There are 4 protein chains.
Amino acid sequence: MRSFVLTSHCVDQPGIVAAVSTTIFHMGGDITDLQQFGDTITGNYFNRIVFKGPSSLQAEAARAALAPVMERFGMSWNLRDQNHRSKVLLLVSRFDHCLVDLLYRWRSGELRMDVVGIVSNYPRETYSNLMLGDLPFWYLPITKETKAEQEKQLRGVIEETGADLVVLARYMQILSDELAADLYGRCINIHHSFLPGFKGAKPYHQAFDRGVKLIGATAHYVTGDLDEGPIIEQDVERVTHLDTPEDLVRKGRDIERRVLARAVRYHLDGRVLLNGNKTVVFPE
Amino acid sequence: MRSFVLTSHCVDQPGIVAAVSTTIFHMGGDITDLQQFGDTITGNYFNRIVFKGPSSLQAEAARAALAPVMERFGMSWNLRDQNHRSKVLLLVSRFDHCLVDLLYRWRSGELRMDVVGIVSNYPRETYSNLMLGDLPFWYLPITKETKAEQEKQLRGVIEETGADLVVLARYMQILSDELAADLYGRCINIHHSFLPGFKGAKPYHQAFDRGVKLIGATAHYVTGDLDEGPIIEQDVERVTHLDTPEDLVRKGRDIERRVLARAVRYHLDGRVLLNGNKTVVFPE
Amino acid sequence: MRSFVLTSHCVDQPGIVAAVSTTIFHMGGDITDLQQFGDTITGNYFNRIVFKGPSSLQAEAARAALAPVMERFGMSWNLRDQNHRSKVLLLVSRFDHCLVDLLYRWRSGELRMDVVGIVSNYPRETYSNLMLGDLPFWYLPITKETKAEQEKQLRGVIEETGADLVVLARYMQILSDELAADLYGRCINIHHSFLPGFKGAKPYHQAFDRGVKLIGATAHYVTGDLDEGPIIEQDVERVTHLDTPEDLVRKGRDIERRVLARAVRYHLDGRVLLNGNKTVVFPE
Amino acid sequence: MRSFVLTSHCVDQPGIVAAVSTTIFHMGGDITDLQQFGDTITGNYFNRIVFKGPSSLQAEAARAALAPVMERFGMSWNLRDQNHRSKVLLLVSRFDHCLVDLLYRWRSGELRMDVVGIVSNYPRETYSNLMLGDLPFWYLPITKETKAEQEKQLRGVIEETGADLVVLARYMQILSDELAADLYGRCINIHHSFLPGFKGAKPYHQAFDRGVKLIGATAHYVTGDLDEGPIIEQDVERVTHLDTPEDLVRKGRDIERRVLARAVRYHLDGRVLLNGNKTVVFPE
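What counts and what doesn't
- Residues numbered from 1 in each chain as written.
- Chains lettered and ligands numbered in written order.
- Predicted model: local features only at pLDDT ≥ 70, side-chain atom pairs only at ≥ 80, totals over all residues.
- Heavy atoms only, no water.
- Phe/Tyr/Trp six-rings, centres within 6.5 Å; stacked < 30°, edge-to-face > 60°.
- Helix = DSSP H or I, 4+ residues; strand = E, 2+ residues; numbered from the N terminus.
- Buried < 20%, exposed > 50% of the residue type's maximum accessible area, 1.4 Å probe, protein only.
- Least-squares fit on C-alpha atoms with pLDDT ≥ 70 in both.
- Contact = heavy atoms within 4.5 Å.
- Buried area = accessible area lost by both parts, 1.4 Å probe.
- Salt bridge = Lys/Arg side-chain N within 4 Å of Asp/Glu carboxyl O.
- Polar contact = N/O pair within 3.5 Å; in protein donor to acceptor, adjacent residues only side chain to side chain.
- Nonpolar A, V, L, I, M, F, W, Y, C, P; charged D, E, K, R; others polar.
- UniProt positions renumbered as here; feature names shortened; annotations may be inferred.
- Expected span 1.5 Å × (residues − 1).
- Arc of directions from axis to C-beta.
- Axes fitted to C-alpha atoms, helices over the stretch in contact; angles between N-to-C directions.
- Parallel < 35°, antiparallel > 145°, perpendicular 65-115°, else oblique.
- Left-handed = near helix turned anticlockwise from the far one by under 90°.
- Pairing = 2+ DSSP bridges.

**Q** What is the right way to look at the packing of aromatic side chains in this model?
**A** How two aromatic rings sit relative to each other is set out by the distance from centre to centre and by the angle between their planes. All names here are of chain A. Evaluated as defined, the whole model comprises 14 aromatic pairs over all chains. Relative to Phe-51, the ring of Phe-4 lies with its centre 5.5 Å away and its plane at 35 degrees, an arrangement referred to as tilted. On the criterion of sequence distance, the pair formed by Phe-4 in strand E1 (residues 2–11) and Phe-51 in strand E3 (residues 44–53) is long-range, its members being 47 residues apart. A single burial state applies to Phe-4 and to Phe-51, both of which are buried.

In structure tokens:
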């Protein structure tokens, strides 16, 4: 037996589940998970279906069988083998805690991905305490003057590696509107505040100055509009008057890494669907 | 338009979603929510489907249309109007915080229920600070000697009121095995510990003695086996060495009332299905 | 034995604890709790000391004994009997969940306060489901035209009742700058968002539109600068794409009432000290 | 200026703070943090004081100055330079997530410790994905027959390295009563359940079978009585019916590593004092 993950969305209308599930049944499939969401405000419909099929069933054949019903409902859809591993490119800067965390989860099998490389504006030696092994590494320094050129190189790396997903693991650089647009829905950033609070630079210092009692982190898809992209996951932790800005930074590292790891995992498992400027995240 | 909630469970097998959703489609229904769970260990299948139908569609007709497909899969199932309000009997003792909380949520429309009455082993005056209004109230005191007789009276109240659900809102009395068995799946208790830790009496004092750093509460269906029934909901709160047993009791009141309220709400909305000694709780 | 709570703050300097604790020892006192905080950024020092004294020790005598040392360090300070109950005035509007919660906690002895009355811009009948008993109630309706006049009446109530603390328990009205200034440090508001996110009106709808994954509430001291006062307590709860704005409002009620209750409790117990636009909250 | 951390405990009695703080003042010290706890049930008193002294002040001199007052109150006490780094030995088995986490936090400067080595019952190659660098590593395999002999070797390593603290970072082996007793108060274990629930083997599978809605982890000092030692820190995470035992194991890894890291950090900072079978943990 092999399993497939089918995600789709369209304008909500009666009969979708009946049609899709009947099609799956007829191809010998057995639905093992089905989640759906009808947004009563926008009138959009979203679902995620996992089904097992006979070992003879290939993804291509499943797609062919589903195509007519998908067309009938005007669906945007995606079907893939559940074992499919996305190609992921990690972008990082001086702070390496998210990088370390993602690499560990990748190696321990928590994340269904192949890391195709690391891009940093710091040289490889910066990470000499990490076991990068033979992971491709691109050192792409950046200055105001070279920003456009550097991004061109970055585009080259994304194309060359065939990255399905680009993760800004505390990359600290702002992508151009064009690149953000081109990567829409496949580029995840971790912002070190509980958005929409404390956008922009030095959020922990902003949080300290405001005297909040909880700090947080936010993983979101990147858009041209800084810190305004669709939110995938957030979490917080309690702080007190005793915490200095440095304590917030330290506590924040823990929040950031778990929030980013969850968002990447949800994305890789096909649980995140875009709904305008928001996300539908089907729980695991 | 009117909405129906269909819950069902059976042995897992291919084609269930296709058959059920097609039947709903043919009766003019539109599925607005569908959640399912296939327990790969026990081989059991559970689902909860909410669908809208034309205003002419009556629950009886919907049931008749669904019966054949339900029979085919050997389903245990239930269909009801989403606006159906369950009849709920509240059992309480000296501590009234859960009672107060449930009454408030009921009056503010959070809970889809009709409170058919209150049973207590303390007299009505005990609750003179609460606005019981004209809610039926049974004062059923209990002693070792009168326990059997009192329970007989309690059974009478349950029958007389036609209660669908009995909530032990800190009732502090143990039901007999027979009554527990007869109410199985429709009697919810709140235990003031994070089960399976600290079963039995004075759990906060046990927690204090053990020096735990979090205390909790557990809402579960009542079974003859004390504090061992299927868990519906749990939550915890942080405590420190500064907390006396009295502080734990105070903090615990907050946990108890929100855990019990959630469990009752999930039950009333048909989100809780029994799976052996465990529960399936479809998220809202 | 009787207990006293001493809170004080001044410019940080060596020898404070030694001098104060020695003074307390000499008056026959025994320190049962001592917490302090030196803000290394502003150079301010804060402490809260609880001490038991012989039953013959009166607050006046304790104050007289402490005055010289307090003067020496240039302290702003307050000493009171631990059993002192503050006079609290509750301001409320149409939504009564925070009012209900505070009244329940007051009656069950969780809050060291005397409720001296309720002010509402809705008539008393609005709360007919609550057991207000013989609590003084002022119906002070408000319109754009009568705002100044209404506030004058409100001031009259505050003076007449001798309220030590004014709690805006979802009062939904903005105090004038003058009143906010006059009540500075003794007027607590609950804002139904995780500040600084979603200031202003309809924060749950703002949160829904932004697609956040956690919603929150904030209790803060009122200042003329709306939603910018020193934060006392915050908390959050998880939400998903399934939650409508109405669900956020419902879930928010639970967060609001527990955040406000904690803030009021901390204030009543003398745990909250103002530190510029922030608070020091000594944990219980 | 240099800072010192003084921790002490004795039978509670009046005048402790006055005497100790006055002594510190007289040696030119300035108290920057002071926390205390009087256990009203056992009558024990605990405190932790951080004070700055002139750069000329040595720990030895500070100890000499404090000794008389400490003796007067019958104190057990400890004074050390705040920059003191404890020697820590990490014991690990097949699962390396806690090891990875502690090493990362150590290297990033979060933990005031020197890792003096790693002991494992698996060979060094097991951890080839980790950057162990030139950390001393002892491969001490263990079988029923060699248990006593292996523990003797382990004792040798502890002595040789001069380890102040031994961390069982998922070591999965039970220390003998003798070794547990000898290491009392300086050996921390992480148990992968929310104690006292699910003691013993395979706690995640026990949790799955019981159908709990939250799983947790517990860091505690090791005693001869398995899983019964004084608890330092606990935390939990929400799980649902969808989670398989493998999911619980995965989610649990995150809880374990953050609970253990916090416990180790609190211990290293002198925040944890033993109070019978419980702990006093002064918050940071």
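**Q** Looking at this structure, how should I read the relation of the copies chain B and chain C?
**A** Think of it as a corkscrew move, a rotation about one axis and a shift along it, taking one chain copy to the other. Relative to chain C, chain B is turned by 180 degrees and slid 0.0 Å along the rotation axis, the superposed coordinates differing by an RMSD of 0.0 Å. As the rotation angle and translation indicate, the two copies are arranged about a two-fold axis. Judged by C-alpha distance, B:Met131 is the residue of chain B that lies nearest the rotation axis, at 2.8 Å. In this assembly, 96% of the residues forming the interface of chain B have copies in chain C that are likewise at the interface, indicating an isologous arrangement.

**Q** Explain the interface of chain B and chain C here, please?
**A** By convention, interface size is frequently given as the accessible area that disappears when the constituent parts associate. Counting residues at the interface gives 25 residues for chain B and 25 residues for chain C. When the two sides are added together, the surface that chain B and chain C hide from each other amounts to roughly 2,200 Å², 43% of it contributed by carbon and sulfur. Together, B:Tyr104, B:Met131 and B:Arg250 form the three largest contributors to the area buried by chain B at its contact with chain C, with a combined 27%. For the interface between chain B and chain C, the tally reads eight salt bridges. Here C:Arg250 makes a salt bridge to B:Glu284, at a shortest N to O gap of 3.6 Å.

**Q** Whenever I open this one, the interface of chain C and chain A confuses me. Can you help?
**A** The partner chain A presents 34 residues to the 34 residues of chain C that form the contact. Sorting the residues of chain C by area buried against chain A places C:Arg210, C:Lys213 and C:His241 first, and these three jointly supply 26% of that buried surface. Counting across the chain C and chain A interface gives six salt bridges. Between C:Arg210 and A:Glu228 there is a salt bridge, and its shortest N-O distance comes to 3.6 Å. Applying the counting rule to chain C against chain A returns 18 residue pairs in polar contact (both at pLDDT 80 or more). Taken together, the elements giving at least two residues each to the side of chain C that touches chain A come down to helix H6 (203–210), strand E11 (231–238), helix H7 (245–268) and strand E13 (278–281) of chain C. Tallied by class, the residues present in the side of chain C that touches chain A amount to 17 nonpolar, seven polar and 10 charged.

**Q** Explanation requested: the relation of the copies chain C and chain A in the structure shown.
**A** Laying chain C over chain A is done by rotating through 180 degrees and shifting 0.0 Å along the axis; what remains is an RMSD of 0.0 Å. Interface residue correspondence from chain C to chain A reaches 100%, placing this contact among same-surface, isologous pairings.

**Q** Can you help me understand the UniProt feature "active site" (unreviewed entry) in chain A in this one?
**A** Look at the UniProt record and you will see "active site" (unreviewed entry) annotated at A:Asp227. Relative to the helices and strands, A:Asp227 resides in the loop between strand E10 (214–221) and strand E11 (231–238). Apart from the residues lying within four places of it in its own chain, the contact partners of A:Asp227 are A:His191, A:Leu195, A:Lys199, A:Gly200, A:His220 and C:Arg210. Within polar-contact distance, the side chain of A:Asp227 engages the backbone nitrogen of A:Gly200 at 2.9 Å.

**Q** I'm lost on helix H2 (residues 59–72) of chain B in this one. Help?
**A** An α-helical segment advances 3.6 residues per turn. Residues three or four places apart therefore align on the same side. Residue and element names in this part refer to chain B. Its 14 residues give H2 an end-to-end C-alpha distance of 20 Å, which sits within 8% of 20 Å, the value for a rise of 1.5 Å per residue. All buried positions along H2 are accounted for by Ala-59, Ala-62, Leu-66, Val-69 and Met-70. On its buried side, H2 packs onto strand E1 (2–11), helix H1 (16–26) and strand E4 (76–81). Phi turns positive, to about 65 degrees, at Gly-74, one or two residues after H2.

**Q** Please explain helix H4 (residues 147–161) of chain B as it appears in this structure.
**A** Residue and element names in this part refer to chain B. For H4, built from 15 residues, the straight-helix expectation of 21 Å at 1.5 Å per residue is met to within 8% by its first-to-last C-alpha distance of 21 Å. Looking only at H4, the buried set comprises Gln-150, Glu-151, Leu-154, Val-157, Ile-158 and Thr-161. Down the axis of H4, the smallest arc covering the buried residues is 110 degrees, so these residues share one side. Of the residues in H4, the exposed ones pointing more than 90 degrees away from the buried face are Ala-148, Lys-152, Glu-159 and Glu-160. Tucked into the core, H4 has its buried residues touching strand E5 (86–92), strand E6 (113–120), strand E7 (137–139), strand E8 (165–168) and helix H5 (177–182). A positive phi of about 65 degrees marks Gly-162, the residue just after H4.

**Q** When you look at the packing of helix H3 (residues 97–107) of chain B against helix H7 (residues 245–268) of chain B in this model, what are you seeing that I'm missing?
**A** The geometry of a pair of packed helices is captured by two quantities: the angle between their axes and the separation between those axes. Residue and element names in this part refer to chain B. As a packed pair, H3 and H7 sit with axes 9 Å apart at the nearest point and diverge in direction by 45 degrees. As the angle between them shows, H3 and H7 are arranged oblique. H7 is crossed by H3, and the crossing has right-handed handedness. Here H3 contributes His-97, Cys-98, Asp-101, Leu-102 and Arg-105 to the contact with H7, which in turn contributes Arg-253, Glu-256, Arg-257, Leu-260, Ala-261 and Val-264. Across the contact of H3 with H7, the residue classes tally to five nonpolar, one polar and five charged.

**Q** How do you make sense of the packing of helix H6 (residues 203–210) of chain A against helix H7 (residues 245–268) of chain A when you look at a structure like this?
**A** All names here are of chain A. It is the contact of H6 with H7, at a shortest axis distance of 9 Å, that shows an interaxial angle of 125 degrees. Viewed along their axes, H6 and H7 adopt a mutual orientation that is oblique. The way H6 lies across H7 gives a crossing that is right-handed. Only Pro-245, Leu-248, Val-249, Gly-252, Arg-253 and Glu-256 of H7 make contact with H6, whose side of the interface consists of Tyr-204, His-205, Ala-207 and Phe-208. When grouped by side-chain class, the residues that make up the contact of H6 with H7 number six nonpolar, two polar and two charged.

**Q** What am I meant to see in the sheet that holds E11(C) here?
**A** The strands making up a sheet are joined through hydrogen bonds of the backbone, oriented either antiparallel or parallel. All names here are of chain C. Read across the open sheet, the seven strands follow the order E7-E6-E5-E8-E9-E10-E11; overall the sheet is mixed. Strand pairing shows two members of the sheet lacking a second neighbour, strand E7 (137–139) and E11, which therefore form its edges. Looking at each pair of strands side by side, their axes are set apart by 20 degrees on average, direction ignored. Direction of pairing for strand E10 (residues 214–221) relative to E11: antiparallel, over a ladder of seven bridges. Opposite Ala-219, over in E11, you have Glu-233 as the bridge partner. The sheet strands contacting helix H3 (residues 97–107) are strand E5 (86–92), strand E6 (113–120), strand E8 (165–168) and strand E9 (187–191), and the helix crosses E6 at an angle near 160 degrees.

**Q** I keep staring at the sheet that holds strand E7 (residues 137–139) of chain A and nothing clicks. Help me out?
**A** Residue and element names in this part refer to chain A. Read from one edge of the open sheet, seven strands run E7-E6-E5-E8-E9-E10-E11, paired in mixed fashion. Since the sheet does not close on itself, it has two edges, and those belong to E7 and E11, each with one partner. Averaged over all pairs of adjacent strands, the angle between strand axes in this sheet comes to 20 degrees, irrespective of strand direction. Relative to strand E8 (residues 165–168), strand E5 (residues 86–92) is paired through four bridges, and the arrangement is parallel. If you follow Leu-89 over to E8, its bridge partner there is Val-166. The strands touched by helix H4 (residues 147–161) are E5, strand E6 (113–120), E7 and E8; relative to E5, the strand with the most contacts, the crossing angle is about 155 degrees.

**Q** I'm lost on the UniProt feature "domain: Formyl transferase N-terminal" (unreviewed entry) in chain A in this one. Help?
**A** Taking the UniProt record as the reference, the feature "domain: Formyl transferase N-terminal" (unreviewed entry) is found at residues 87–264 of chain A. Secondary structure over residues 87–264 of chain A splits into 34% helix and 24% strand, and the C-alpha atoms at its two ends are 12 Å apart.

**Q** Looking at this model, I keep getting lost on the pairing of strand E13 (residues 278–281) of chain B. Mind explaining?
**A** The side chains of a regular strand alternate between the sheet's two faces. Neither face of E13(B) is open: one carries B:Lys278 and B:Val280, the other B:Thr279 and B:Val281, and all of them are buried. Where strand E12 (residues 272–275) of chain B hands over to E13(B), the hairpin turn is made up of two residues, of which B:Gly276 adopts a positive phi near 65 degrees.

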